[in-house]
Amino acid sequence: AQSVTQLDSQVPVFEEAPVELRCNYSSSVSVYLFWYVQYPNQGLQLLLKYLSGSTLVKGINGFEAEFNKSQTSFHLRKPSVHISDTAEYFCAARMFSGGYNKLIFGAGTRLAVHP
Amino acid sequence: GAGVSQSPSNKVTEKGKDVELRCDPISGHTALYWYRQSLGQGLEFLIYFQGNSAPDKSGLPSDRFSAERTGGSVSTLTIQRTQQEDSAVYLCASSLARGQGANEQYFGPGTRLTVT
């Protein structure tokens, strides 16, 4: 079955520290991969996406992610976080098979940045 | 330009009542999606509309759920005979139909439904 797994439900980190939010996917077909951020009481905002080409993709707010096909991973990183990065982060996949039109989401990772 | 809008932002209803949730997609976006975000279930796909094609209803959890999209723009998600397990945030998203833009879904702020 196709799925997206976010390994950490919560990640606490101090301000200005680096952070990595982990995401793994399971699929026997090609995928497009995405990271979304959700601030409290708001909808989802696209941070970055991997469609093809360079495996290192850069997004908004200083985030980047690296696609690793052999490890079926798409981890999100930021070298120095701010208090304002506190939010929930969702990894998602769009798979080239039945149900191609929908995004399959991970369960989300709540990033809490402390001063 | 305006983003995806949804109404109402909050809805409290009694068990057994019907509810209608509305989504206004971004102008020019022919693809429209409904998702549900609930505790313990994460974000689940419900239904997808693209132009005049038959919608992909594969995510609707029961026949109490239905959706329509009139005139290729506004969409309404209807839940009949609501149950407490229907309590969730219902998110709408829209995108272009083809090309790179098809991979960028823009989400509305959601409707928080509480069934008492």
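Just above, that's the structure.
About the thresholds
- Residues numbered from 1 in each chain as written.
- Chains lettered and ligands numbered in written order.
- Predicted model: local features only at pLDDT ≥ 70, side-chain atom pairs only at ≥ 80, totals over all residues.
- Heavy atoms only, no water.
- Core = buried A, V, L, I, M, F, W, Y, C linked by side-chain atoms within 4.5 Å.
- Buried < 20%, exposed > 50% of the residue type's maximum accessible area, 1.4 Å probe, protein only.
- Helix = DSSP H or I, 4+ residues; strand = E, 2+ residues; numbered from the N terminus.
- Contact = heavy atoms within 4.5 Å.
- Phe/Tyr/Trp six-rings, centres within 6.5 Å; stacked < 30°, edge-to-face > 60°.
- Pairing = 2+ DSSP bridges.
- Axes fitted to C-alpha atoms, helices over the stretch in contact; angles between N-to-C directions.
- Polar contact = N/O pair within 3.5 Å; in protein donor to acceptor, adjacent residues only side chain to side chain.
- Buried area = accessible area lost by both parts, 1.4 Å probe.
- Salt bridge = Lys/Arg side-chain N within 4 Å of Asp/Glu carboxyl O.
- Nonpolar A, V, L, I, M, F, W, Y, C, P; charged D, E, K, R; others polar.

Draft legend 1. The arrangement of the nonpolar core in detail. Residue and element names in this part refer to chain A. In this structure, Trp 35, Leu 48, Phe 74, Leu 76 and Tyr 89 are the most contacted members of the largest nonpolar core, which totals 30 residues. Secondary-structure elements contributing two or more residues to this core are strand E2 (10-14), strand E3 (19-21), strand E5 (31-38), strand E6 (44-50), strand E8 (64-68), strand E9 (73-78), strand E10 (87-95) and strand E12 (109-114). The element contributing the most residues to this core is E10, with 5 residues. Apart from the residues lying within four places of it in its own chain, the contact partners of Tyr 89 are Gln 6, Leu 21, Trp 35, Tyr 36, Val 37, Leu 47, Phe 63, Leu 76, Gly 108, Thr 109 and Leu 111.

Draft legend 2. Structural detail: the packing of aromatic side chains. Throughout the structure, instances matching the rule amount to 13 aromatic pairs over all chains. Taken together, a centroid distance of 5.4 Å and an interplanar angle of 80 degrees make the contact between Tyr 36 of chain A and Phe 107 of chain B edge-to-face. Linking Tyr 36 of chain A in strand E5 with Phe 107 of chain B in strand E9 (residues 106-107), this pair reaches from one chain into another. Exposure remark for Tyr 36 of chain A: the relative accessible area of 0% places this residue in the buried category. On the basis of relative accessible area, Phe 107 of chain B is assigned to the buried category, the value being 9%. Centre to centre, the rings of Tyr 35 of chain B and Phe 107 of chain B are 5.5 Å apart; their planes meet at 40 degrees, and the pair counts as tilted. With Tyr 35 of chain B in strand E4 (residues 31-38) and Phe 107 of chain B in strand E9, the pair connects residues that are 72 residues apart, well separated along the chain.

Draft legend 3. Layout of the sheet that holds strand E3 (residues 19-24) of chain B. Residues and elements named next belong to chain B. The strand order across the open sheet formed by 4 strands is E1-E3-E7-E6, and the pairing between neighbours is antiparallel. If you trace the sheet from one side to the other, it starts and ends with strand E1 (5-7) and strand E6 (65-69), each paired once. Within the sheet, the average angular offset between the axes of one strand and its neighbour, ignoring direction, is 15 degrees. As judged from the 5 bridges shared by E3 and strand E7 (residues 75-79), these two strands associate in the antiparallel manner. By the bridge assignment for E7, Arg 22 is matched with Thr 76.

Draft legend 4. Representation of the side chain of Gln 105 of chain B within the structure. The residue Gln 105 of chain B is located in the loop between strand E8 (88-95) and E9 in this model. A distance of 2.9 Å separates polar atoms of two side chains, one belonging to Gln 105 of chain B and the other to Tyr 35 of chain B. Residues in contact with Gln 105 of chain B, not counting those within four places in the same chain, are Tyr 36, Asn 101 and Leu 103 of chain A together with Tyr 33, Tyr 35, Ala 93, Ser 94 and Ser 95 of chain B.

Draft legend 5. Seen up close, the interface of chain B and chain A. In this complex, chain B contributes 17 residues to the contact, which on the side of chain A involves 18 residues. Buried surface at the junction of chain B and chain A, both sides included, amounts to about 1,500 Å², of which 53% is carbon and sulfur. Looking only at chain B, the three residues that lose the most surface to chain A are Leu 43, Asn 103 and Phe 107 of chain B, adding up to 36% of its buried area. Counting across the chain B and chain A interface gives 1 salt bridge. Note that Lys 49 of chain A is salt-bridged to Glu 104 of chain B, the shortest N-O span being 2.7 Å. Here chain B is connected to chain A by 4 residue pairs in polar contact (both at pLDDT 80 or more). Listing elements by their share of the side of chain B that touches chain A, those giving two or more residues are E4 and strand E5 (42-50) of chain B. Of the residues assigned to the side of chain B that touches chain A, the class counts are 9 nonpolar, 5 polar and 3 charged.

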